[in-house]
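Spelled out, the chains give:
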Protein chains: 2
Amino acid sequence: MSAITAIGGLNVKKSIGSRTIVFPTPTWVVGTYDHEGKPNAMTAAWGGICCSKPPCVYVSLRKATYTHGNIMRKRAFTINVPSEKHVMEADYFGIYSGKDVDKFSVSGLTPVQSSLVDAPYVGEFPLILECKVLHVIEIGLHTQFIGEIIDVKADISVLDANELPDIIKVKPILFDTGNRRYFGIGSYLGKAFSAGKEVQSNQYQLKLLSRKTIQEVHLQGI
Amino acid sequence: MSAITAIGGLNVKKSIGSRTIVFPTPTWVVGTYDHEGKPNAMTAAWGGICCSKPPCVYVSLRKATYTHGNIMRKRAFTINVPSEKHVMEADYFGIYSGKDVDKFSVSGLTPVQSSLVDAPYVGEFPLILECKVLHVIEIGLHTQFIGEIIDVKADISVLDANELPDIIKVKPILFDTGNRRYFGIGSYLGKAFSAGKEVQSNQYQLKLLSRKTIQEVHLQGI
């Protein structure tokens, strides 16, 4: 079967086609005002940080969404990071359209007007980014809105000793692009820009060498 | 203190400035060839899906990186999703530059030539995306490379009953933008496009109503 690739001693890989399956992707809620000033919230998984200076985040939205029109008009949005306990409301924001319902009112969550950008944020969510649109990129079905992060706000209750939002306290939600499920975050795995130095250690390199030797012995049929 | 915002009964929020702190962001390894055909791997957290049709993923990279030049030249890259057990190698790929070292050789991981795009993928990683560059967006310190996903390949061992990559088996790594740490994925929280329907239920709406009544009673000082 041509769609299956096996190389040497590596795992066998299967082609699953040209599609948007990758892990992890976020579960973020985008806050905007409509043309009448009604606050709206919409859930998106197509989002991420895309520049450090200026600090920028994007969301990609279909033109058919209510939020797309709102951002085009107001040139501003907020990114709201829900905590695990708000998974139901986060999913609700992704199912229905602000064209038809007042999602803040139905969910009981609180739209708070940003003092920095022309958009509301979700008062109950622990971490929010207030953004002004810098670029609008038409890719295909989705339009990418790149926003400059004017400010990040976090609940005092989720800050750590360094006054930074603690991912363990925020409890962000992941979207599973494969089977369309939500997951929380798990165990601590290591320190970035540090754990990898071990690869150059004698211990790691010796292990590598012994593995190679075993492979060669196998190849020679000894 | 003006940087602290309190609204009604909501949590108190603190401004932490214009910076790239948000959760979750991925830990992905970008595979490229240099001008001499040497395979290189570099870790990036500024990445995400940005369009469904055509299926597109991006990574944002500083111009100073070796991978930036490689993608500009080859117009192709792979996104490689490491599993928890490869956190050390993933971090290693993010610390050192392909200008100075052969990172595949030092780490012992296997560069496999894609048959679809002019880039290598990491044979040991369970999930990979093969991409051709569609757009190059200069944002600021970072250049955003938007790639069309030509194919997704997954280890057979991580597929579920629907022949889709199972996030629980892939065990992707999250990058914590606050304190620069790595985390795994955690518990199942709910089904997307389903859990949120509960918000419209009588039970949820009755709870909301009773909460509002209690707040009003408090406000009236009864």
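This is a predicted model, so every value here is computed, not measured.

### Some words on the overall build of chain A
Along its length, chain A carries five helices and 14 strands. The C-alpha atoms of chain A give a radius of gyration of 22 Å, which is well past the 17 Å a tight globule of 222 residues would have. Residues classed as buried in chain A amount to 56% of the 222 residues present. Looking at chain A as shown, the accessible area adds up to about 9100 Å², and 53% of this sits on carbon and sulfur atoms. Taken together, the 24 basic and 20 acidic charged side chains of chain A have centroids lying 9 Å from each other.

### So, the pattern of salt bridges
For the coordinates displayed, the defined rule picks out 16 salt bridges over all chains. Ionic pairing is found between A:Asp155 and B:Lys13, a salt bridge with its closest N-O pair at 2.7 Å. In this pair, A:Asp155 sits in strand 12 (residues 142-155) while B:Lys13 sits in strand 2 (residues 13-17), so the two residues belong to two different chains. Relative accessible area serves as the criterion here: at 1%, B:Lys13 is assigned to the buried category. Salt-bridge contacts for A:Asp166 lead to B:Arg181; the nearest nitrogen and oxygen are separated by 3.4 Å. With A:Asp166 in the loop between strand 12 and helix 4 (167-170) and B:Arg181 in strand 14 (residues 181-191), the pair connects residues from two separate chains. When its relative accessible area of 11% is taken as the criterion, A:Asp166 is described as buried. One network of salt bridges, in which partners are shared, links A:Glu130, A:Asp151 and A:Lys153.

### Observations concerning the relation of the copies chain A and chain B
For the pair chain A and chain B, the relating rotation is 180°, the translation along its axis is 0.0 Å, and the fit reaches an RMSD of 0.0 Å. This pairing of chains is accounted for by a two-fold axis. Ranked by how close their C-alpha atoms come to the rotation axis, the residues of chain A are headed by A:Gly186, at 1.8 Å.

### Brief notes about the nonpolar core
A:Val57, A:Phe77, A:Ile79, B:Val57, B:Phe77 and B:Ile79 are the most contacted members of the largest nonpolar core, which totals 78 residues. The next biggest cluster of nonpolar side chains, apart from the first, holds 14 residues, and it includes A:Ile146, B:Cys50, B:Cys51 and B:Ile146.

### Some thoughts on the interface of chain A and chain B
Between chain A and chain B, the contact holds 118 residues from the first and 118 residues from the second. Summing the contributions of chain A and of chain B, the shared interface buries around 10300 Å²; its carbon and sulfur component is 64%. A per-residue breakdown of the area chain A buries against chain B is headed by A:Lys13, A:Phe23 and A:Leu189, which together make up 8% of the total. Here chain A is connected to chain B by six salt bridges. Residues A:Glu163 and B:Lys14 are paired through a salt bridge, measuring 2.5 Å at the closest nitrogen-oxygen approach.

### A look at the domain arrangement of chain A
Here chain A is partitioned into domain 1 (25-183) and domain 2 (193-222). Averaged C-alpha coordinates put domain 1 of chain A and domain 2 of chain A at centres separated by 45 Å.

### A closer look at the side chain of A:Asp151
Mapped onto the fold, A:Asp151 is located in strand 12. Here the side chain of A:Asp151 touches B:Ser15 through a polar contact of 2.8 Å, side chain to side chain. With near-sequence residues (within four places) excluded, A:Asp151 lies in contact with A:Leu116, A:Ile128, A:Leu129, A:Glu130, B:Ser15, B:Ile16, B:Gly17 and B:Ser18.

### Examining the side chain of B:Thr32
Residues and elements named next belong to chain B. Mapping Thr-32 onto the fold places it in strand 4 (residues 28-33). The exposure class assigned to Thr-32 is buried, which follows from its relative accessible area of 0%. One polar contact links Thr-32 to Asn-70, side chain to side chain, over a distance of 3.0 Å. Apart from residues no more than four positions distant in its own chain, Thr-32 is found in contact with Lys-38, Pro-39, Asn-40, Thr-67, Asn-70, Ile-71, Ala-76, Phe-77, Ala-119 and Pro-120.

### As for the environment of B:Lys14
Positionally, B:Lys14 belongs in strand 2. Sequence separation between B:Lys14 and B:Leu189 is 175 residues, and the spatial gap between their C-alpha atoms is 28 Å.

### Overview of the state of the cysteines
Residues and elements named next belong to chain B. Under the criterion given, the structure shown has zero disulfides over all chains. Note on Cys-51: no disulfide assigned, nearest cysteine sulfur contributed by Cys-56 at a separation of 5.1 Å. Cys-56 provides the cysteine sulfur closest to Cys-131, a residue in no disulfide bond, and the two sulfurs are 8.6 Å apart. Owing to a relative accessible area of 0%, Cys-131 belongs among the buried residues under this scheme.

Quick notes on the rules
- Residues numbered from 1 in each chain as written.
- Chains lettered and ligands numbered in written order.
- Predicted model: local features only at pLDDT ≥ 70, side-chain atom pairs only at ≥ 80, totals over all residues.
- Heavy atoms only, no water.
- Helix = DSSP H or I, 4+ residues; strand = E, 2+ residues; numbered from the N terminus.
- Rg over C-alpha atoms; globule rule 2.2 N^0.38 Å.
- Buried < 20%, exposed > 50% of the residue type's maximum accessible area, 1.4 Å probe, protein only.
- Areas by Shrake-Rupley, 256 points an atom, 1.4 Å probe, with all protein chains shown as cover.
- Lys, Arg positive; Asp, Glu negative; His and termini not counted.
- Charge placed at Lys NZ, Arg CZ, Asp CG, Glu CD.
- Salt bridge = Lys/Arg side-chain N within 4 Å of Asp/Glu carboxyl O.
- Least-squares fit on C-alpha atoms with pLDDT ≥ 70 in both.
- Core = buried A, V, L, I, M, F, W, Y, C linked by side-chain atoms within 4.5 Å.
- Contact = heavy atoms within 4.5 Å.
- Buried area = accessible area lost by both parts, 1.4 Å probe.
- Domains from an automatic or database assignment.
- Polar contact = N/O pair within 3.5 Å; in protein donor to acceptor, adjacent residues only side chain to side chain.
- Disulfide = S-S within 2.5 Å.

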